Amino acid sequence: MSTSHSLDRRAFLRQGACMALKTTGLLATLANLRLIGGTLASDSAIAGTHAAAADDYRALVCVFLYGGNDANNLLIPTDDTNLPLYQRARAELALDPTTLLPLTMPGGGAYALHPSAVEMADLFNKGRLSFLANVGNLVAPVTRKDYVQGTAALPYQLFSHADQAMQWQTSRPDTAMETSGWGGRIADLLQAMNATSKVSICISLGGTNTFQNGRETFQLQLSTSGPVSINTVQSASAEATRKRVLKGLLEMERQNLFEQGYSDVNKRSMENYTRISGALDNVPVPPGFLDNSFSRQLRLIARMIKAGPALGIRRQIFFASLGGWDNHDQQLTAQAANLT
């Protein structure tokens with residue numbers, strides 16, 4: 001997602017949607033990111049060259065829909081050949097074609113969006129949004145015959161929501177053993193671009209996730225109001241002596257790895273609280289965001305993007321989440337509300 005540093009709600013959505021990916025480049029990149037045993041030398045060289053040349057700011061914002069959006073009822077073919085195929089395949093789930101939002105297709109073809117996706121249709125028709133269609137969890141090409149006969153290579157635990165969600169975040173549908181996400185592995189390659197910053201390249205507003213786990217990168221979780229402080233230590237009423245004593249304890253070198261890890265996490269938390277709070281103090285709350293959990297996540301992300309230069313950040317990866325997409329027999333009504 002290409003971003004500037006002045007964002008209201010409409011600008012945030014517009015710019016967040018403006019990320020077009022060339023299929024060949026995407027597939028090549030994902031193929032490299034699947035590697036488990038470290039980073040390719042060629043990838044490191046490419047990342048280093050890019051880091052030396054780039055002096056702008058870019059952010060990738062991942063919005064994860066827990067439960068899974070029914071994409072077949074989001075983007076619908078409406079030409080005379082494919083619309084009947086869609087209606088036959090979807091049966092009672094097929095949408096009324098007269099209610100769909102038509103799209104202006106620069107390359108030809110006839111497609112429309114779900115009637116609740118009004119803003120998305122507007123962005124697409126203005127050339128500010130792209131779809132990467134026909135993607136999903138796939139180990140190898142599969143035919144119905146292969147599947148029925150049990151000879152197909154299938155994603156691990158196919159039809160398990162938890163496992164499929166994990167595979168979307170790791171880009172590894174062939175195993176349950178991968179613990180790093182493709183966002184985290186990208187962050188590993190881009191760390192050098194944030195050399196002057198002490199803030200993690202991966203910021204989560206949507207809780208703990210695998211997507212941002214790198215082999216060298218850790219994710220920093222924020223609340224929708226900003227960084228989380230340690231109670232009684234960084235509150236306004238905290239005593240200077242208490243802060244000094246705790247900092248001294250955390251600075252002590254420990255032989256026990258668990259104790260050292262615990263100290264490191266708390267020390268990093270205190271340092272990040274000071275850095276990020278100070279940067280956000282100079283960033284006003286942008287107007288136009290609704291007062292719900294998901295909107296508050298995006299609002300804080302917008303503020304963090306604008307605070308990027310003050311934090312010495314040039315590349316960032318954000319994670320936001322929205323639940324409630326596992327709809328079963330409430331699919332038609334629930335998806336309409338979710339998309340709205």
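Definitions and cut-offs
Residues numbered from 1 in each chain as written. Predicted model: local features only at pLDDT ≥ 70, side-chain atom pairs only at ≥ 80, totals over all residues. Heavy atoms only, no water. Pairing = 2+ DSSP bridges. Helix = DSSP H or I, 4+ residues; strand = E, 2+ residues; numbered from the N terminus. Axes fitted to C-alpha atoms, helices over the stretch in contact; angles between N-to-C directions. Contact = heavy atoms within 4.5 Å. Buried < 20%, exposed > 50% of the residue type's maximum accessible area, 1.4 Å probe, protein only. Arc of directions from axis to C-beta. Phe/Tyr/Trp six-rings, centres within 6.5 Å; stacked < 30°, edge-to-face > 60°. Lys NZ or Arg CZ within 6 Å of the ring centre and 35° of its normal.

We now examine the sheet that holds strand E6 (residues 219-221). The strand order E1-E7-E5-E6 describes an open sheet built from four strands, whose pairing is parallel. The sheet terminates laterally at strand E1 (58-65) and E6, the two strands that pair on one side only. Looking at each pair of strands side by side, their axes are set apart by 25° on average, direction ignored. Note: E1 against strand E7 (residues 315-322), eight bridges, orientation parallel. Residue pairing for E7: Val-61 is matched across the bridge by Phe-318. Across the sheet, helix H11 (residues 293-307) is in contact with E1 and E7; its angle to E7 comes to roughly 170°.

Attention shifts here to helix H5 (residues 118-125). Every buried residue belonging to H5 is among Ala-121, Leu-123 and Phe-124, and all of these are buried. Each buried residue of H5 lies within a common arc of 165° when the element is viewed along its axis, so the set occupies one face. At the C-terminal side of H5, Gly-127 shows a positive phi close to 75°.

We now examine the packing of aromatic side chains. In total, this model carries five aromatic pairs according to the counting rule given. When the ring of Phe-124 is compared with that of Phe-131, the centres are 5.9 Å apart and the planes differ by 40°; the resulting orientation is tilted. Relative accessible area serves as the criterion here: at 14%, Phe-124 is assigned to the buried category. Residue classification places Phe-131 among the partly exposed residues on the basis of a relative accessible area of 28%. An aromatic cluster is present here, built from Phe-64, Tyr-66, Trp-182, Phe-211 and Phe-319 joined pairwise through their rings. Here Arg-268 stacks its cationic end above the ring of Phe-218, 4.0 Å away from the centre of that ring.

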